[in-house]
Amino acid sequence: MDDKKIIFSGIQPTGCITLGNYVGALKNWVDLQHDYHCLFSVVDLHSITVRQDPKLLRKRCMEFLTQYLAAGIDGEENIVYFQSHVPGHAELGWILNCYTYMGELNRMTQFKDKSAKHADNINAGLFTYPVLMAADILLYQTDLVPVGVDQKQHLELARDIAGRFNGIYGDVFKVPEAFIPKEGARIMSLQDPTSKMSKSDPNVNGFISILDDTDTIMRKFKKAVTDSDGLIAYSDDKPGIKNLINIYSAITHKTPDEVVAEFDGMGYGQFKTAVGEVVSDELRPIRERYEDLSKNKDYITKIYTQGAQRAAGMARRTLNKVKRKVGYVDGVL
Ligand code: TRP
């Protein structure tokens, strides 16, 4: 292989791909894809930590993968695939479970949040989910993991597990680095700007799906919760306006200060319209490509089949090494 570094990232096929996922992950993947060897996975194994309807899940998995491509990921150059198609994820996940402490998993804030939210289904998978995520990453000797800031704790754990394993057995895993976009890219709910924009928000006005049409986008931005002082300023006391500035800034690549200067003296209504317009201009081509690609099932199948084949080859190399180090007898498969 050449000396390009390896990137792994994934989005869980739950809800829809939001503007938050787009700014925090997908858009960066598109920017990085030519400079690295990239694996972009629809991490479907992760999604069943919360109960899913099988028909809907299958449909959503296809939609997510298609949206990766529609957003501009080149599926020939990069490895685009479903996590469940490569058995190495679950295999390495099990092994790493035995090198992870209950205490470490207990500290994971996402586990605490999710178990509070799904109190009737606090399953073992929800608890060990960060270990599967570590396996996803370590399986490919990943250098860099572009994720939103909410995944930082999981990534630290992956690094700790890799370090621990290497400490016992010698250099088996590459210790990965997080690639986290700047503060400006943390996109909050349009209805409650103090919490993250969530794809599972029951209030659809809280998030923008990257497939929302222009009318829907404009309507959601018009309804966005702000405050009553009428001043466009970048301040933690004004989370609603700050979030709109961050969105505008992420899409236009202007700094928050430049955005504030641009809208100086204007009203919230005008500002919301401007934000809605840049977002819908950004998402329109994605939606159009998505509509075309969805008609081309053979092409999609080809992409995820060759993706899984290539990923499985890379995974096999790491797993063979891991198994030998742990002390298993060489297998026949
Ligand atoms: N846990 C991530 C999330 O909820 C998704 C994910 C699973 C992931 N495995 C990964 C992200 C590996 C990056 C790398 O957003």
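The sections below set out a description of the structure shown in this document. (Residues numbered from 1 in each chain as written. Predicted model: local features only at pLDDT ≥ 70, side-chain atom pairs only at ≥ 80, totals over all residues. Heavy atoms only, no water.)

1. Comments concerning the overall build of the chain
Next, step 1: Within the chain one finds 13 helices and 5 strands.
Next, step 2: The C-alpha atoms of the chain give 21 Å as radius of gyration, which agrees with the globular expectation for 333 residues (20 Å, within 12%).
Next, step 3: Its C-alpha atoms put the chain at 70 × 45 × 40 Å along the principal axes.
Next, step 4: Expressed as a percentage of its 333 residues, the buried residues of the chain come to 50%.
Next, step 5: In the chain, the proportion of contacts linking residues at least 24 apart, taken out of those at least 6 apart, comes to 76%.
Next, step 6: Summed over its atoms, the accessible surface of the chain is roughly 15,600 Å², and 53% of this surface lies on carbon and sulfur atoms.
Next, step 7: Of the side chains in the chain, 41 bear a positive and 43 a negative charge, and the two mean positions are spaced by 5 Å. (Helix = DSSP H or I, 4+ residues; strand = E, 2+ residues; numbered from the N terminus. Rg over C-alpha atoms; globule rule 2.2 N^0.38 Å. Buried < 20%, exposed > 50% of the residue type's maximum accessible area, 1.4 Å probe, protein only. Contact = heavy atoms within 4.5 Å. Areas by Shrake-Rupley, 256 points an atom, 1.4 Å probe, with all protein chains shown as cover. Lys, Arg positive; Asp, Glu negative; His and termini not counted. Charge placed at Lys NZ, Arg CZ, Asp CG, Glu CD.)

2. Observations concerning the site of the ligand
Next, step 1: Around the ligand sit 13 residues in total, of which F8, Y129, M133, D136 and Q151 are the nearest.
Next, step 2: Y129 is positioned with one of its side-chain polar atoms (N or O) 2.5 Å from a nitrogen atom of the ligand.
Next, step 3: Between a nitrogen atom of the ligand and a side-chain N or O atom of Q151, the distance comes to 3.0 Å.
Next, step 4: Among the secondary structure elements, those contributing two or more residues to the shell around the ligand are β1 (6–11) and α7 (124–138).
Next, step 5: Among the elements that make up the shell around the ligand, the one with the highest residue count is α7 (4 residues). (Near = heavy atom within 4 Å. Polar contact = N/O pair within 3.5 Å; in protein donor to acceptor, adjacent residues only side chain to side chain.)

3. A short note on the side chain of H89
Next, step 1: Mapped onto the fold, H89 is located in helix α4 (residues 88–97).
Next, step 2: Polar contacts involving the side chain of H89 include one to the side chain of D136, which spans 2.8 Å.
Next, step 3: Setting aside residues no more than four positions away along its own chain, H89 makes contact with F8, L45, Y81, Q83, L132, A135, D136, L139 and Y140.

4. Focus: the packing of helix α3 (residues 54–70) against helix α13 (residues 297–326)
Next, step 1: Look at α3 against α13: their axes get within 11 Å of each other, and the N-to-C directions meet at 85°. On the basis of their axis angle, the class for α3 and α13 is roughly perpendicular. Of the residues in α13, those in contact with M62, L65, T66 and L69 of α3 are K297, Y299, I300, I303 and Y304.
Next, step 2: For the contact of α3 with α13, the class distribution of residues is 7 nonpolar, 1 polar and 1 charged. (Axes fitted to C-alpha atoms, helices over the stretch in contact; angles between N-to-C directions. Parallel < 35°, antiparallel > 145°, perpendicular 65-115°, else oblique. Nonpolar A, V, L, I, M, F, W, Y, C, P; charged D, E, K, R; others polar.)

5. What about the packing of aromatic side chains?
Next, step 1: Scanning all chains against the criterion turns up 13 aromatic pairs.
Next, step 2: Ring centres of Y248 and F271 lie 6.4 Å apart, and the angle between their planes is 55°; on these two criteria the pair is classed as tilted. Remark: F271 occurs in helix α12 (residues 268–294) and Y248 occurs in helix α10 (residues 239–252); sequence separation between them is 23 residues. Neither residue differs from the other here; Y248 and F271 are each classed as buried. (Phe/Tyr/Trp six-rings, centres within 6.5 Å; stacked < 30°, edge-to-face > 60°.)

6. A short note on empty space enclosed by the protein
Next, step 1: Summed over the entire model, instances satisfying the criterion amount to 1 cavity of 30 Å³ or more.
Next, step 2: Of the volumes computed, that of the largest cavity is approximately 40 Å³.
Next, step 3: Elements with a minimum of two residues in the lining of the largest cavity: α6 (109–117) and α7.
Next, step 4: Within the lining of the largest cavity, the residues separate by chemical class into 4 nonpolar, 2 polar and 1 charged. (1 Å grid on protein atoms, 1.4 Å probe; cavity = no way out; pocket = protein on both sides within 12 Å on 5 of 7 lines; lining within 4 Å. Points joined across faces, edges and corners; volume = space filled by probe spheres on them.)

7. Remarks on the side chain of E104
Next, step 1: Within the secondary structure, E104 sits in helix α5 (residues 102–106).
Next, step 2: The class for E104 is buried, based on a relative accessible area of 8%.
Next, step 3: Excluding its chain neighbours within four sequence positions, the residues that come into contact with E104 are L157, D160 and R164.

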